[in-house]
Structures are given as structure tokens and as C-alpha cells.
Amino acid sequence: MGSDFGSGGPGPYGFIGSPEAAGLAGMAGMPGTTTGSTSDGPLSGDAASGNSSRSRSPLAIWRRTPLRARLALAATIAVAAGIGGGVGFAYVAVRHSLTQQVDGGLQRQGAKAQSALLSGHFPHYDAAKSWQFGDTLTNVQFIDSSGTPLQAKPLPPSPRWPRGTVALAPSTQQIPITAADTQVAAGTVESYMHSGQMNGQHVRILTLGIGHGQAIQIDAPLTTMEKQLSTLGWQLFGAAAAGIVLAAGLGWMVTRTALRPVAELTSTAERIAATHDLAHRIPIDGPPGESRDELGRLAATFNSMLDAVQEATDRQRQLVADASHELRTPLTSLRTNVEVLAHAHRLDPEDRQALVAGIMSGLDDLTTLVSDTVELARGEEQAAHFEEMRFDLLVQRCVDRATAHWPKAVFKADLDESVVVGVTDRLAKAVRNLLDNAAKFSPAGGLVEVRTTTTPDGRVTLTVRDHGPGIPEADLPHVFDRFYRAASARDLPGSGLGLAIVAQVAVGHGGGVTAAGAQGGGAEFRLTLPLAGSPGAGPRGADGPHSFY
């Protein structure tokens, strides 16, 4: 049996491929619809700028919307799309099922009528009622192959038909007739089912051939089905609207709860920016080290970052305070000597020369102090400054410099070849400070032993041993503190920052430094660094440029 479902006409699923469907798709924003226009000519600068501003405007509004609202809106849209799809599918499925039921009734009724007519038996005609075939009351119309509507008229009894008969004669049209219906009457098509309008009502029409170039049309009104679908549509719409509103409320609550750590992080950051107080922290539930979700780890990481920033800030403040304190003595001494120098004409030449020597010595001490303070304030070097270097050659160069700078000390070097990854000038500064410290505390002609040795675990150790008075046990824990000077060393030149710089450089290069009393007297310092290629060498073990110092 033929139908018009695949021809773009109305079918049980609605207007498939019809202009009305295209219009609805365009209004709903379905893919394939035209959302913009193209221009045949170039746009002027002002027009292009205006279009660009308008295109960015919705995005700018979206970016200014709080994250919580955006997430809730996105969740609501997703739920609405899901509910809308489910409701639409349910509506279409019910409509299809009801249409199939109507079509099935028409098919059964049409089959009975067709069978009776093809057998030559015309059912009883009652002019007061419509034709009735089966259990369904419908309108019936006969047509011929030219599309002319026919009406059944009773004839009086005759010798051939003693009980009378019925003839088909032209009449006025009641049921809509299409070209496909005439093809059924002509016998080229077996049957045809389609939808149409009759007396302002939506009906389903079935056309069946009855032979002799004629066909019968039977319709069934869809009024009852459409009322049921209308009621179902409003019910589904109400349920969908309630579901979307509920989803929006729950989405807002969920996003508000989930983003509470982000809100606390933002509040803490704003409070720190406003008060410059780094003591604020984000409260975290549970003991430290407990497994947390992404937002919990974000809060813990933010707290760790604040700890590091606060520690660095405290160190810088302490460095400034200590430097200010240490600068008072040389500055006061210089001021006094300069004030005396203003009356140099009253001094003897020997006193004037001693005064100038004192000023120069004070300037040297002040220069050393400022230089060491700046060096200590540099912190760790950036990864881009790290490079491979021959550590033994660097140490030898520093020993040669110390030999020239400290002629009263004797330096003896025993250096194993080794390659490390680091910042050349920083490592050289640390080695020079160790050598200067050893020479400063060595007696005249004292021996300073310098050795580098490698270990199987991929490390190199620089050992600097002097034969001076050594380090008192009470001072050993503090020798690497900033501005710390033992009681026995306060009369010697220096800023108290040299060993602090050594410790900072060692840690920044993945190593360490220790101090201890040497066997037989004196002090022994050990600077340990990872060899190139070993775990922890350089910035995350990255390969850098090569330099042989």
C-alpha cells in the first residue's frame, strides 16, 4: 500500500521536509539554518570595527559573569537540552503511535469495503447516514480515473436486479482528491494514504481501487487524536519546565558548594592585596597530607605558596634589618673620620695618613658588606643561567686568585676532574668565600688544603681545611647564619655574610655545605654538589650549554 510519508508531505512524524518544518528548524536554531549574511563588497574601517565590537560584546558579558553563574547556567542549559530532547521524542513517539492506530482502523475498514465491492456486492445504503464499513463511522466517496467524484444512487427493481441496485453518478466533491488518488482509480497504484483538510478538520484519507476505473475514498477525522496530543503536549511542557527550574536551582546550589574553596581563595587573595598581611590562610578540612579533591589541592597549594612567599618576605625583611644594623658601625666610623679630616690642617702628617688609611679601610669594609648583601639578596638563579662546567678547573682558578690575595697563607690543591651543572659566577663566589675564610683564620705560613673528590653516588665534594684556631662547638650551629660572627672573629675584617652565601649557593645547586673541627686543629668545610647527569643536577636535571671555566 502506497503512502506519502517519503514525499515531503505530512506524515505520522509531522511535516518531514516541508517548508513549515524548515521554518521551525530556523526558529529553533538547528544546524544548517542561516544565522548571518555575507557582503559582496569590502567593509569600511568603521563598519568593520563596529561589527567586531558587536561580536565581542556577548563574549565580554559572558566573561564578566561570575564563574558560579556561568557553571549553573551551563548545567541548566545541558539539562534543558536533555529534557527537551526527551519530551520531544516522547511527543513524537505518542503521535506516531496514535496515527498508526488511526491508519490501522482505516486499513481494516477499507479492506472490508474493497472486498465487498470487488465481489459485486454493494452494501446497504442509508441516505440519512454516512457509509459505514466495520466499526468506524467515516465519510465515503467514490471517484473515477479522471478525478470526478461519484455518488451512489439507488435504482428501482428490474428483471436483472429484482431487489434493486445502486449506480455511481457524478456528484459534488466532499473528500479532497489528489493526483495520486486518480492513479489508484486508474489501477496504476494499489492504494494511497495521506492527510488532508476537510470542512476545517484534519483528516486521514485512504484511497483503494475497486475496479472498472473507479476507487473508493474513506476518511477518518483526527480531532480526537489532536486533542489528546494537545493535552499531552501541555503536560509534558509543564513537567519539562518544572524539571528545568529544579535543575537550575540544584545547579546553583551545587556550584556554590563546589566553588566555595575558590571563593575563599579569592577572598584571601583580595584580603592579602588590601592589607599586605601574608598571615592569612584558606581553612582546609582534614589533617595535612590527607587525600583531597582538585579544589582541596588548589587550596593546599595556595597555602603552601603563601608560606613560601611569607618566608621569603620575612627573610628579606630580616636581611634588610640586619644589613641596616651592620651598616651603622662603618657609616658612623666613616662620618667621624670625615669630620676629623675636615680639620686635617691641624693634624700631624702621620696622623693624617693614618686617618686616610682608616677611611679607606672603612670604605673597603662598607663595599664588601654592600656587595655581600646584594649577593645574598639575589636568591636562587633562574634555570636559563645553569650550564655544564668543569668544577675542578673553577676551583683551581679560585685557588690561584686566593694565593695572590693571601700571600701569608700556603694553598695546596688536590683536585679530581669533575663536571657539574650550575651558575659559574655563583659557584666561584662560594668557593672564593671558603678559601678567604680559611686564609683569614690561618696563621702566617699556615697551610690551607683544598681537595675535590667524587663519590659513586654521583656527587663531588670540595673540602677546604685550615690549620687555624678552629670553630668553638657553641658557634658551629650558627656559622652559616647571616651576619653571624664568632666572638674570636669580631676584630677581623669581614661582614659575616660569606658563609651564608656559600650555604645559599649550595642549596640552590642541589647540594649542601657542612662545617666541623678538623683532626689535629683547625676547621674543615665540605661543599657537596651533584655531578652532571646525576639526579638533582641543575634545574630539574635539564641539559644546558657547556662551559669549561
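Everything discussed here concerns the structure shown above.
Here goes a summary of the coordinates provided. None of the values given here were measured: they were computed from a predicted structure.

1. Things to note about the sheet that holds strand β17 (residues 512–517)
Pairing is mixed across the open sheet formed by five strands, whose spatial order is β13-β15-β16-β18-β17. Each having just a single partner strand, β13 (410–415) and β17 make up the two edges of the open sheet. Ignoring which end each strand starts from, the neighbouring axes of this sheet average 15 degrees apart. Looking at chain direction, β13 and strand β15 (residues 447–455) are connected through six bridges and run parallel. In the strand pairing of β15, Phe411 is matched with Val448. Against the sheet, helix α9 (residues 391–405) contacts β13, β15, β16 (459–465) and β18 (523–530), and its axis sits at roughly 175 degrees relative to β13. Strands β13, β15, β16 and β18 of the sheet are contacted by helix α10 (residues 424–440), whose axis makes an angle of about 30 degrees with β16.

2. Topic: the pattern of salt bridges
Tallied over the full model, the rule gives eight salt bridges. A salt bridge links Asp103 to Arg204; its shortest N-O distance comes to 2.9 Å. Here the residue Asp103 occupies a position in helix α3 (residues 67–118), and Arg204 occupies one in strand β10 (residues 201–211), the gap between them amounting to 101 residues. The two residues Asp103 and Arg204 agree in class, both being buried. For Arg451, the salt bridge identified is with Glu449, shortest N-O distance 3.8 Å. On the accessibility criterion, Arg451 (27% relative accessible area) is partly exposed. Exposure remark for Glu449: the relative accessible area of 22% places this residue in the partly exposed category. Linked through salt bridges whose partners overlap, the residues forming this network are Arg390, Asp392 and Glu417.

3. Quick notes on the packing of aromatic side chains
Counting across every chain of the model gives two aromatic pairs. With a centroid separation of 6.2 Å and an interplanar angle of 90 degrees, the aromatic rings of Phe480 and Phe525 are classed as edge-to-face. On the criterion of sequence distance, the pair formed by Phe480 in the loop between β16 and α11 (498–508) and Phe525 in strand β18 is long-range, its members being 45 residues apart.

4. Some words on the nonpolar core
Counting residues in hydrophobic clusters, the biggest one holds 39 residues, and the most contacted among them are Phe391, Leu435 and Leu462. Of all the secondary structure elements, the ones that give two or more residues to this core are α9, α10, β15, β16, α11, β17 and β18. Top element by residues in this core is α10. It accounts for eight residues. Of all hydrophobic cores here, the second largest spans 18 residues; its members include Val140, Phe142, Leu150 and Leu222.

5. Quick word on the side chain of Asn303
Locating Asn303 in the fold gives a position in helix α7 (residues 294–341). Classification of Asn303 by relative accessible area gives buried; the value is 10%. Residues in contact with Asn303, not counting those within four places in the same chain, are Arg281, Ile282 and Ile284.

6. Here's the deal with the pairing of β15
With seven bridges joining them, β15 and β16 adopt antiparallel strand pairing. In the sheet register, Thr454 faces β16, and the bridge partner there is Val460.

7. Considerations on empty space enclosed by the protein
Under the criterion given, the structure shown has two cavities of 30 Å³ or more. Taken as a whole, the second largest cavity spans an internal volume of roughly 30 Å³. Around the second largest cavity sit Val420, Val421, Leu427, His509, Leu529 and Pro530, which together line it. Only β14 (419–422) and β18 provide two or more residues apiece to the lining of the second largest cavity.

8. A look at unusual backbone geometry
Despite not being glycine, Asn199 shows a phi value in the positive range, around 55 degrees. Within the element layout of this structure, Asn199 appears in the loop between β9 (191–198) and β10. Looking at Asn199, the relative accessible area reads 74%, which means it is exposed. A positive phi angle, close to 60 degrees, is found at His212, a residue other than glycine. Along the chain, His212 falls in the loop between β10 and β11 (214–221).

Reading the values: the criteria
Residues numbered from 1 in each chain as written. Predicted model: local features only at pLDDT ≥ 70, side-chain atom pairs only at ≥ 80, totals over all residues. Heavy atoms only, no water. Pairing = 2+ DSSP bridges. Helix = DSSP H or I, 4+ residues; strand = E, 2+ residues; numbered from the N terminus. Axes fitted to C-alpha atoms, helices over the stretch in contact; angles between N-to-C directions. Contact = heavy atoms within 4.5 Å. Salt bridge = Lys/Arg side-chain N within 4 Å of Asp/Glu carboxyl O. Buried < 20%, exposed > 50% of the residue type's maximum accessible area, 1.4 Å probe, protein only. Phe/Tyr/Trp six-rings, centres within 6.5 Å; stacked < 30°, edge-to-face > 60°. Core = buried A, V, L, I, M, F, W, Y, C linked by side-chain atoms within 4.5 Å. 1 Å grid on protein atoms, 1.4 Å probe; cavity = no way out; pocket = protein on both sides within 12 Å on 5 of 7 lines; lining within 4 Å. Points joined across faces, edges and corners; volume = space filled by probe spheres on them.

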